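Letter by letter, the chains look like this.
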Amino acid sequence: MARTATLTFEGKKIEFPVIEGSEGELGMDISKLRAQTGLITLDPAYGNTGACTSAITFIDGEKGILRYRGVPIEQLAEKSNFIETAFLLIFGHLPNQEEALRFRRRLTDNAHLHEDFKHHFQGFPTDAPPMAILSAMINTLACFEHKFLKIGDNESFEEAAASLISKVRTIAAYTYRKSRGLPYVYPDPNRRYVSNFLHMMFSRPYQDYHVDEDVEDALNMVLLLHADHEQNCSTSTVRMVGSADASLYSSAAAGVCALWGKLHGGANVEVLEMLEKIQTSGMSIEDFLKRVKDKSELLMGFGHRVYKNFDPRAKILKAACDKVLAKIGIKNEPMLDIARRLEEAALKDSYFVDRKLYPNVDFYSGIIMKAIGIPLNMFTVMFAIGRMPGWIAQWREQHADKSTRIARPRQIYTGPTLQDYVEPDKRA
Ligand code: ACO
């Protein structure tokens, strides 16, 4: 029998259907609430609000579980790579050989920026924030690829998706090169995704950057671990913009803007800055945590809206840190040492234990990126490269869902009630 939930309001009982997800999560379908009762729900920050059903990513925040299309993140981190995982997220299954080849070919064909596009980089000051450049450039891309803006056309979607996944990496590398006054390095069609990115970032015109296999693997893993995380702030932004039937490009550009925030993707920069501050100030771990507990600071890279247990991505990255640093020949990375001591102390401290605050994905990702040579102000851009397939998958799912309507939350108005306009000479 279909389950229902009953609400009593002013003596009247109203029943609402209860929807059950494939992992047993329950949601009360209140889509008819206002029509039936005149009430709306008030849920600032949406902690109790499901905005859609989705078959892409499953998270159990209490148990620390993360799966993409049912596949545990630990298995993907061990056996897959970023591009295969991107395909899985967007198209719902792991690609067979032919699909994988076709997808890779599309990405390779889409790696180059139009020559005229390059001039747009000249307009930015050298110290412009890379996330601002990235979102502007994704919108700029729509000017060059407006033939793929058509919504509901599969070929346009696949082309736009491949272009965004491929070019976001080229744009990121060019942004870095421009900020350093270095010549742009064109994508190399013979390289794989991550190797090609490192090539565009660090090669010189007549001297190819040697891409270490372990470094490539580590960056692949960082991107893969960021590839989707269900209805987080930036993804919900992508869906919000997408619900207006805005293009994939503008929806993705909006996602970049949301991700930039320091409570979201920007946290990976803040973590490194926090670790550096602790190191340079000579402050003890205990003194820093005291400041956190008296709310003068946040322990960046800790806490999560959904995970009330270890973020499984943080566990994987913590283990990966040692391997990458050893491979690169960094024997003693003071930041890693501070991070470890911070984590150890916080996990024993009742302030963090009681609030169920655990390390999140950003706690260790920055240390890996720093070791690879990615500059601090590019960390959140790396997150955006990683998250692009997730945004695309969510946008695609949203557009395939016949029940999608323009997203339009309501409010409870608390301003002045009706009052007359006051003439300027009569105002206090
Ligand atoms: N350091 C210290 N205290 C914290 C932290 C933290 N990092 N995170 C939460 N708290 C405290 C809050 O102050 C609050 O304390 P109170 O009960 O005394 O008021 C309690 O824990 C509950 O926290 P909320 O703010 O309600 O948690 P919310 O779900 O709204 O926020 C968030 C989640 C934004 C991630 C938060 O934990 C935070 O600011 N963390 C630091 C930034 C960060 O690492 N962001 C990356 C998130 S992962 C991602 O986007 C990829």
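Residues numbered from 1 in each chain as written. Predicted model: local features only at pLDDT ≥ 70, side-chain atom pairs only at ≥ 80, totals over all residues. Heavy atoms only, no water.

(A) Structural context of the packing of aromatic side chains. For the structure on display, the rule yields 17 aromatic pairs. Centre to centre, the rings of Phe302 and Phe363 are 5.2 Å apart; their planes meet at 80°, and the pair counts as edge-to-face. Highlighted residues: Phe302 in the loop between α13 (285–293) and α14 (312–328) and Phe363 in helix α17 (residues 362–372), separated in sequence by 61 residues. For the pair shown, Phe302 and Phe363 are each scored as buried. Seen from their ring centres, Phe363 and Tyr364 are 5.2 Å apart, and the 90° between their planes marks the pair as edge-to-face. Of the two residues, Phe363 and Tyr364, both sit in the buried class. Through pairs of rings, three or more aromatic residues link up here, namely Phe117, Phe121, Phe144, Tyr174 and Tyr184. (Phe/Tyr/Trp six-rings, centres within 6.5 Å; stacked < 30°, edge-to-face > 60°. Helix = DSSP H or I, 4+ residues; strand = E, 2+ residues; numbered from the N terminus. Buried < 20%, exposed > 50% of the residue type's maximum accessible area, 1.4 Å probe, protein only.)

(B) Seen up close, the side chain of Lys118. Inspection of the secondary structure assignment puts Lys118 in helix α5 (residues 115–122). Assessed through its relative accessible area of 14%, Lys118 is described here as buried. Every residue in contact with Lys118, bar those within four places of it in the chain, is listed here: Tyr174, Tyr184 and Tyr186. (Contact = heavy atoms within 4.5 Å.)

(C) Structural detail: the site of the ligand. Around the ligand lies a shell of 20 residues, among which His264, Lys295, Leu299, Gly301 and Arg305 are the nearest. Gly301 places a main-chain nitrogen or oxygen 2.9 Å from an oxygen atom of the ligand. (Near = heavy atom within 4 Å. Polar contact = N/O pair within 3.5 Å; in protein donor to acceptor, adjacent residues only side chain to side chain.)

(D) Highlighting the pattern of salt bridges. Evaluated as defined, the whole model comprises 24 salt bridges. When the shortest N-O distance is used, the salt bridge between Glu20 and Arg3 registers 3.0 Å. Residue Glu20 is located in strand β2 (residues 12–20), and its partner Arg3 is located in the segment before β1 (4–9); the two are separated by 17 residues in the primary sequence. Judged by relative accessible area, Glu20 falls into the partly exposed class, the value being 49%. Arg3 sits in the partly exposed class, given a relative accessible area of 46%. Between Asp311 and Arg313 there is a salt bridge, with its nearest N and O atoms 2.8 Å apart. Its relative accessible area of 2% is what places Arg313 among the buried residues. Sharing partners across several salt bridges, the network here consists of Arg102, Arg106, Glu155, Glu158 and Glu159. (Salt bridge = Lys/Arg side-chain N within 4 Å of Asp/Glu carboxyl O.)

(E) Geometry of the sheet that holds β1. Within the open sheet, the 3 strands sit side by side as β1-β2-β3. Their pairing is antiparallel. At either margin of the open sheet sits one strand with a lone partner, and together these are β1 and β3 (26–28). In this sheet, adjacent strand axes meet at a mean angle of 30° when their direction is disregarded. Looking at chain direction, β2 and β3 are connected through 3 bridges and run antiparallel. By the bridge assignment, Glu20 is partnered in β3 with Leu26. (Pairing = 2+ DSSP bridges. Axes fitted to C-alpha atoms, helices over the stretch in contact; angles between N-to-C directions.)

(F) Broad picture of the nonpolar core. Residues Phe197, Leu275, Leu299 and Leu342 are the most contacted members of the largest nonpolar core, which totals 117 residues. It is helix α7 (residues 154–180) that provides the largest number of residues to this core, a total of 12 residues. With residues up to four places along the chain from it excluded, the contact list for Phe197 reads Arg169, Ala172, Ala173, Leu219, Ile374, Met382 and Ile385. (Core = buried A, V, L, I, M, F, W, Y, C linked by side-chain atoms within 4.5 Å.)

(G) Layout of the side chain of Gln398. Structurally, Gln398 can be placed in helix α18 (residues 379–400). Apart from the residues lying within four places of it in its own chain, the contact partners of Gln398 are Val238, Arg239, Gly242, Ser243 and Thr404.

(H) Here's a closer look at the packing of α17 against α18. The geometry of α17 relative to α18 is characterised by a closest axis approach of 10 Å and an angle of 105° between their N-to-C directions. With respect to α18, the axis of α17 lies roughly perpendicular. Facing α17, whose interface residues are Asp362, Gly366, Met369 and Lys370, α18 presents Phe379, Met382 and Phe383. Here the contact of α17 with α18 is built from residues that sort into 4 nonpolar, 1 polar and 2 charged. (Parallel < 35°, antiparallel > 145°, perpendicular 65-115°, else oblique. Nonpolar A, V, L, I, M, F, W, Y, C, P; charged D, E, K, R; others polar.)

(I) Local environment of the environment of Val292. Turning to its location among the elements, Val292 is positioned in helix α13. Once residues within four sequence positions are removed from consideration, Val292 is found in contact with Glu297, Leu298, Leu299, Tyr351 and Phe352.

(J) Fine view of the pairing of β2. Strand direction decides the pairing type here: β1 and β2, joined by 6 bridges, are antiparallel. Within β2, the residue paired with Ala5 across the bridge is Phe16. As consecutive antiparallel partners, β1 and β2 are separated by 2 residues, and within that stretch Glu10 has a phi angle of approximately 50°, a positive value.

(K) Here's a closer look at helix α8 (residues 193–202). With 10 of 10 residues buried, α8 lies mostly within the body of the structure. Those residues of α8 not exposed but buried are Tyr193, Val194, Ser195, Asn196, Phe197, Leu198, His199, Met200, Met201 and Phe202. Taken together, the buried residues of α8 touch α3 (82–91), α7, α9 (213–225), α17 and α18.

(L) Looking closely at the environment of Thr53. Within the secondary structure, Thr53 is located in the loop between α1 (33–37) and β4 (57–60). The class for Thr53 is exposed, based on a relative accessible area of 58%.

(M) Representation of the environment of Val381. The residue Val381 is located in helix α18 in this model. Spatially, the C-alpha atom of Val381 lies 22 Å from that of Leu336, the residues being 45 residues apart in sequence. If near-sequence neighbours (up to four positions away) are discounted, Val381 is found in contact with Pro130, Met131, Leu134 and Ala172.

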